[in-house]
Amino acid sequence: MNDPRIADALARLPDYLGSHVRVSLVALALGLAVSIPLAFVCVRRPTLRAVALALTSIVQTIPGLALLALFYPVLLAAAALSERAFGIGFPALGLLPSVLALALYSMLPVLRNTITGLMGIDPAVREAALGVGMTPRQSLRMVEWPLALPVIMAGIRTAAVWVIGTATLATPIGQTSLGNYIFTGLQTQNWVFVIAGCIAAAVLALAVDQLLALIERGVTRRSRARVAVGAVGVLLIAALAVLPNVGRGKAGYVIGAKPFAEQYILAALIEQRLNARGLNASRREGLGSAVVFEALAAGDIDVYVEYTGTIWTNFMKRSDVKPRAEVLEEVARWLKATHGITLAGGLGFENAYALAVTGARAQALSLKSVGDLARHAGELTIAGDYEFFGRPEWQALRQAYGLAFRAQRTMQPEFMYPAVAAGEVDVISAYTSDGRVAQFRLRVLDDDRHAIPPYDAVLLVSPKRSEDAALIEALRPLTNALTIETMRDANRRAQTETPEAIARALSERIGR
Amino acid sequence: MAASTAIAFEGVTKRYGEQPVLDAVSFAINKGEFLAVVGPSGSGKTTLLRLINRLSDPTGGTVRVGGDDVRSLDPIVLRRRTGYVFQGVGLFPHFTVAENIAITPKLLGWDAARRAARADELLALVRLDRGYGARYPHELSGGERQRVGVARALAADPEIVLMDEPFSALDALTRDALGQDYRALHASLGLTSVMITHDMLEALLLADRIIVLRDGHMIADGKPAELMRRDDDPFLRELMQTPRRHAAKLNTFLSRSP
């Protein structure tokens, strides 16, 4: 129980839980506000009903993560359009896309149950409602709605549990949630965090489900006490939504981070630096690779650490390879010219893609370079992360060296290293700054034909902060402050220590 | 049309698609009359009843209530001043008995105290204990529910009460008791009643006048005694003789018993 990670997890709970409740509740409210009236409109219209149910069913088949991720580019385009047409932009990251995606997700159970509930009413009762002189509206309000309510409530409960569960996936599009525990934990091998995230989300979902069940029973049995207790419970949970705002000032600088340990450490480092200078800073962690860059360009975040090779190949679509300094210079020029983004300096180390094998394997096959590997590739299996085999670097490597492996597998980075160490796969796509290269005694193979561009870690500053002297000044000491060895060591320690603690240690080494 | 006419059908036709459910039906009901509409299933009885309070509108012809073409009346207002006892009762399962009874008064905007008093009054009228008011329909027996159905129909002091097979689902004893009770209410409250039934005996015992429907056509209209004497239509003769045959069998059986 004295694990510092538990204390750390608890310290983050108000922020994560509160944000989670907020996004879930707003999404659910929006979902209900759309689905229930929609159900009433289409209950007597078979065609419309079939279309509405089919559309919401299709939405349901889209994986939650994909649905959430899809809303970011859509909103980004909408925001740009609205900016141009009305001069009013809106943030495309965080709460808005999450709420829209989750609301859409919540629609099927509510819509289906409301329709089922309304259609399941005894026609004799509906006829009686008209016969005693009710208007159709009165019949709906006094008879059909209350009789369908238990079925509708069951749908609302299902939707609530789904939304609360799926909201953990809002983290990669910049909405803080209990998913932050899970994403951070998975990337830093902090299982305390992963478990904390799962338990917190499950407890929240169960609590809301049980409170709604209490209200449901109260409604069916006409017990005011049950409804009141349930409603108070739901309101108390809703009150958690304001937790993250307690004792927090106005949002200042937002630092973005992609979902892996190095990014968490560097984001914490930048945050500490800014806060030490009185610049109020906060972090948005676990953002997807494409999302984080667009978020910076749009000003949704202010600073993050990117790698020159990623910009070079992904955003500039370059397939040629140039020396480190030239790439850095061209990238900086391109960022300024096309996006107004400032490259505030390099951190001093590279985190490039590289192919790695175990030391033993390297010795046995006398492998030094990728060129050596190519001769044996036909008997070997390679594993890469989710991105690797889709990236231009992989194409470049294959073409430059004529690589043809026996098999290729895609894995979560955390499992790639143990897999190669255990001999389950022979070659992996490693990152040069990864602490596990040393930990698992891997040999990084030289790219002697320069197929992979340099991957210098660089500080990027959003267009709206590019003239911000205080910010630039605070970032300056980080320039060239980290060697590859320092970063590897820091990354290795991320398996047992929190990013904040590692960042503090780094900060002491760097000095002011 | 005479001043004493409560309801009149003038060449009324109702079609669902091509199929006529009612074909050129004409008759008039006097105020205070108790009319039974008899016929086999599918003969158009329920349709006829629904045309009176505009739960349905005719395809052709005119339905008049109190001399007015019902199409000129607001259906909501018409239904609120017409009592209706539904086949299978149709009580609202989530309302108490008292709330069920007082629903039309509530729709008419009566205050809570007046509605409660009215519910009590009607419970007494249909001979149910006051305590029934707080119960829910599922806690009652079939006969009790049917009494509540009648009470609900009478709650807003209607002049006309329409009843769709009101007693058919009940056991013989309850059915007879309830029928007699209703007949007494009909007289004491000065109601005009239209009752649908497929049971000729029930019609003969309760009604002042009987209309017989078959396949949407009105094949007979008269006082019970007149219909008993008619001999021109084989279907009608068969219909009228059934109760008589039952009575005859019963008498034979009783006389043979020691």
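Since the model is a prediction, treat every value here as computed from it, not as a measurement.

1. Structural notes on the overall build of chain B
Move 1: The helix and strand inventory of chain B stands at 10 helices and 10 strands.
Move 2: Compactness check: chain B gives a C-alpha radius of gyration of 19 Å against a globular reference of 18 Å for 258 residues, within 12% of the reference.
Move 3: On the principal axes, the C-alpha backbone points of chain B span a range of 60 × 55 × 35 Å.
Move 4: Across the 258 residues in chain B, those meeting the buried criterion constitute 41%.
Move 5: Counted over contacts in chain B with a minimum sequence separation of 6, partners at least 24 positions apart contribute 68%.

2. Considerations on the overall build of chain A
Move 1: Helix and strand content of chain A: 21 helices and 10 strands.
Move 2: Within chain A, the proportion of its 512 residues that are buried is 47%.
Move 3: When contacts within chain A are restricted to residue pairs at least 6 apart in sequence, long-range pairs at least 24 apart make up 79% of them.

3. Focus: the interface of chain A and chain B
Move 1: In this complex, chain A contributes 14 residues to the contact, which on the side of chain B involves 15 residues.
Move 2: Contributions of two or more residues to the side of chain A that touches chain B are made by helix H5 (123-131) and helix H6 (136-166) of chain A.
Move 3: When residues of the side of chain A that touches chain B are assigned to their parent elements, the largest contribution, 6 residues, is made by H5(A).

4. Structural notes on unusual backbone geometry
Move 1: Despite not being glycine, A:Ser366 shows a phi value in the positive range, around 45°.
Move 2: You can see A:Ser366 is positioned in the loop between helix H14 (359-364) and helix H15 (370-376).
Move 3: For B:Arg127, which is not a glycine, the phi torsion comes out positive at approximately 60°.
Move 4: Residue placement: B:Arg127 occurs in the loop between helix H5 (112-125) and helix H6 (142-154).
Move 5: Classification of B:Arg127 as exposed rests on a count of 11 C-beta atoms within 10 Å.

5. Things to note about the domain arrangement of chain B
Residue and element names in this part refer to chain B.
Move 1: Segmenting chain B into domains produces domain 1 (1-81 + 163-231) and domain 2 (89-157).
Move 2: One C-alpha centre belongs to domain 1, the other to domain 2; they are set 24 Å apart.
Move 3: Every contact between the two is made by 11 residues of domain 1 and, on the other side, 13 residues of domain 2.
Move 4: Residue contributions to the side of domain 1 that touches domain 2 peak at 5 residues, all from helix H7 (residues 172-189).
Move 5: Broken down by class, the residue content of the side of domain 1 that touches domain 2 amounts to 7 nonpolar, 1 polar and 3 charged.

6. Points about the environment of A:Ser369
All names here are of chain A.
Move 1: Residue position: Ser369 is located in the loop between H14 and H15.
Move 2: Note on Ser369: 14 C-beta atoms within 10 Å, which makes it partly exposed.
Move 3: On a C-alpha basis, the gap between Ser369 and Leu355 in space is 9.0 Å, while along the polypeptide they are 14 residues apart.
Move 4: The contact partners of Ser369, leaving out residues within four places of it in the chain, are Leu445, Asp446 and Asp448.

7. Structural notes on the pairing of strand S1 (residues 253-256) of chain A
Two faces belong to every sheet, and in a regular strand the side chains alternate between them.
Residue and element names in this part refer to chain A.
Move 1: Neither face of S1 is exposed, since Tyr253 and Ile255 on one face and Val254 and Gly256 on the opposite face are all buried.
Move 2: Alignment of S1 against strand S2 (residues 281-284), held across 4 bridges, turns out to be parallel. Bridge assignment links Gly256 to a residue of S2, and that residue is Arg284.

8. Some details on the confidence of the model for chain B
Move 1: The share of residues in chain B with pLDDT of 70 or more is 98%, and the mean pLDDT across the chain is 88.
Move 2: Here the predicted complex carries an ipTM of 0.86, next to a pTM of 0.71.

9. Remarks on the nonpolar core
All names here are of chain A.
Move 1: Core analysis: the biggest nonpolar cluster contains 227 residues, and Val163, Ile255, Ile265 and Leu459 have the highest contact counts within it.
Move 2: Sort the elements by how many residues they give to this core and helix H4 (residues 95-119) lands first, with 13 residues.
Move 3: Setting aside its immediate chain neighbours within four residues, Val163 contacts Ser24, Ala27, Leu28, Leu102, Tyr105 and Ser106.

10. Remarks on the sheet that holds strand S5 (residues 353-358) of chain A
Residue and element names in this part refer to chain A.
Move 1: Across the sheet, 5 strands lie side by side as S7-S6-S8-S5-S9; this open sheet has mixed pairing. Edge strands, defined here as strands with exactly one partner in the open sheet, are strand S7 (407-410) and strand S9 (442-444). The sheet shows a mean angle of 35° between the axes of neighbouring strands, taken without regard to direction.
Move 2: Where S5 and strand S8 (residues 427-431) come together, 4 bridges link them in antiparallel fashion. Each residue of the ladder has a partner; that of Ala354, found in S8, is Ala430.
Move 3: Lying over the sheet, helix H17 (residues 413-421) contacts S5, strand S6 (381-384), S8 and S9, oriented at roughly 160° with respect to S6.

11. Side note on the domain arrangement of chain A
Residues and elements named next belong to chain A.
Move 1: Segmenting chain A into domains produces domain 1 (4-245), domain 2 (253-347 + 466-510) and domain 3 (353-444).
Move 2: Each of domain 2 and domain 3 has a C-alpha centre, and these two points are 26 Å apart.
Move 3: Taken together, the 9 residues of domain 2 in the interface contact 12 residues of domain 3.
Move 4: By residue number, the principal contributor to the side of domain 2 that touches domain 3 is helix H20 (residues 484-493), which donates 6 residues.
Move 5: Class assignment of the residues belonging to the side of domain 2 that touches domain 3 gives a composition of 2 nonpolar, 3 polar and 4 charged.

12. A short note on the pairing of S5(A)
Residues and elements named next belong to chain A.
Move 1: Counting buried positions over the 6 residues of S5 gives 5, a clear majority of the element.
Move 2: The pairing of S5 with S9 spans 3 bridges and is classified as antiparallel. Bridging from a neighbouring strand, Ala356 pairs with Val444 of S9.

13. With respect to the sheet that holds strand S5 (residues 68-69) of chain B
All names here are of chain B.
Move 1: Sheet architecture is open: 4 strands sit in the order S2-S1-S4-S5, paired in antiparallel fashion. Strand pairing shows two members of the sheet lacking a second neighbour, strand S2 (19-30) and S5, which therefore form its edges.
Move 2: Here 2 bridges tie strand S4 (residues 60-65) to S5, and the two strands are oriented antiparallel to one another. Bridged to Val65 within S5 is Asp68.

The rules behind the values
Residues numbered from 1 in each chain as written. Chains lettered and ligands numbered in written order. Predicted model: local features only at pLDDT ≥ 70, side-chain atom pairs only at ≥ 80, totals over all residues. Helix = DSSP H or I, 4+ residues; strand = E, 2+ residues; numbered from the N terminus. Rg over C-alpha atoms; globule rule 2.2 N^0.38 Å. Buried ≥ 20, exposed ≤ 12 C-beta atoms within 10 Å, placed from the backbone. Contact = placed C-beta atoms within 7 Å. Domains from an automatic or database assignment. Nonpolar A, V, L, I, M, F, W, Y, C, P; charged D, E, K, R; others polar. Pairing = 2+ DSSP bridges. pLDDT = per-residue confidence, 0-100. Core = buried A, V, L, I, M, F, W, Y, C linked by C-beta atoms within 7 Å. Axes fitted to C-alpha atoms, helices over the stretch in contact; angles between N-to-C directions.

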